[in-house]
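Below, each chain spelled out in residue letters.
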Amino acid sequence: MTFVRNQWYVAAYSHEIGQDLFARTILSEPLVFFRSEAGAVVALADRCVHRRYPLSESRREGDTIVCGYHGFTYDTTGTCVSVPGQTRIPRTARVASYPVVERDSFVWVWIGDRDRADESLIPRAPWLTDPAYTTVCGMEPLAARYELLVDNLLDLSHETYLHGGYIGSPEVAGTPITTEVDEDKKIIYVSRHMADAACPPFYANSTGIQGRIVRWQDIEYHPPCLYLLHSRVAPVGVLPNEDGSDPDGFHVEVVYAITPETEHSTHDFWAVARDFALEDQEVSDFLRESNRTVVLQDVTALDILEQVIQAEPEGYQELSINIDTGGLAARRILAKMAAGTPAEAQV
Ligand code: FES
Ligand SMILES: [Fe+2]
């Protein structure tokens, strides 16, 4: 297990957190979230310091949470401000509070040492709030360790087999990839550029392109949490202009936030942002349904793999080939990050 602490993780979409108490477990830490009366998102440990009752099962009173069991009352910093039956409040009566930042439609939470929480470390997904794009999104619970989702997303050859009829076509598995690793910034790039490929329904129905396409998949994985797939499709032969402008290409930014829930389960956040058919509700509905279907195909497969892994004897050896280069690089960097040593110092 390679939990990476001292990192920002996506806890929720901003729209998920309102006045109500909202529970979500991240890296096996149960958290409770709510929006203060001033509108700021608050994250506290979801366990009353008294007898462990979940604060998420309790109630708010203004900007405090009153424990639903015996009434210990906590402010937005997690400090207990009232206990029942006595005026003296024990000095240790507080629950942990977690740094939170709202950015790019996500609520990011820092899991680790508070004083190391640096907002500038949060990787960006600006398309999700850019008016030049229209976004559909969701989150599916995955009953599998997050490393299986990382493997899955870094090797898109599986689209041909697991997602045939949705986003897969024979050319995806048939086209070699290039992989680059920026060890300093800890970013993994995997690219697959198809010059002449079948147009799968996901793109045919959303772009209206008839016939074959140029299809580029440029992955950018910021371990541990954020995965970006820059996808470009256009009719065969249509390439960006020399100055980089690309008025005839269709661009889809597929964003995943991979947030471990426990050692064997994951929050699988997904979003699809497009720069075409911006106002077209039918296209939005189609892409939301299609992508959710595709994500659920992955969820089904990875849930099975989790069971397989849990049942197997120690020491099973996988066999890796060229398509696994990105996934193997990700595993290596995650292992180093989990060990708490900068990747570049462990080469
Ligand atoms: S468990 Fe919360 S007040 Fe007792
Ligand atoms: Fe997939």
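Residues numbered from 1 in each chain as written. Chains lettered and ligands numbered in written order. Predicted model: local features only at pLDDT ≥ 70, side-chain atom pairs only at ≥ 80, totals over all residues.

Think of interface size as the accessible area that goes away when the parts come together; that is how it is often given. Each assigned domain of the chain is listed here: domain 1 (7–120) and domain 2 (126–346). For domain 1 and domain 2, the distance between their C-alpha centres works out to 32 Å. Every contact between the two is made by twelve residues of domain 1 and, on the other side, 13 residues of domain 2. Only strand S1 (7–13) and strand S2 (22–26) provide two or more residues apiece to the side of domain 1 that touches domain 2. Looking at which element gives the most residues to the side of domain 1 that touches domain 2, the answer is S1, with five residues. (Domains from an automatic or database assignment. Contact = placed C-beta atoms within 7 Å. Helix = DSSP H or I, 4+ residues; strand = E, 2+ residues; numbered from the N terminus.)

This part is about the confidence of the model for the chain. Close inspection of predicted coordinates is inappropriate for parts of the model with low pLDDT. For the chain, the average pLDDT comes to 96, and 98% of its residues sit at 70 or higher. Confidence over residues 343–347 falls short of pLDDT 50; this stretch has nine contacts with residues more than four positions distant or in other chains. (pLDDT = per-residue confidence, 0-100.)

A few words on the sheet that holds S1. Strands sit in the order S1-S10-S9 across an open sheet of three strands; the sheet is antiparallel. Edge strands, defined here as strands with exactly one partner in the open sheet, are S1 and strand S9 (100–103). Neighbour-to-neighbour, the strand axes of this sheet turn through a mean angle of 35 degrees, independent of strand direction. As paired strands, S9 and strand S10 (residues 106–111) are joined by four bridges and run antiparallel to one another. Within S10, the residue paired with Val101 across the bridge is Trp108. (Pairing = 2+ DSSP bridges. Axes fitted to C-alpha atoms, helices over the stretch in contact; angles between N-to-C directions.)

A word on the UniProt feature "domain: Rieske" (unreviewed entry) in the chain. Residues annotated in UniProt with the feature "domain: Rieske" (unreviewed entry) correspond here to residues 8–109. What you have in residues 8–109 is 0% helix and 41% strand, and the ends, taken at the C-alpha atoms, are 5 Å apart. (UniProt positions renumbered as here; feature names shortened; annotations may be inferred.)

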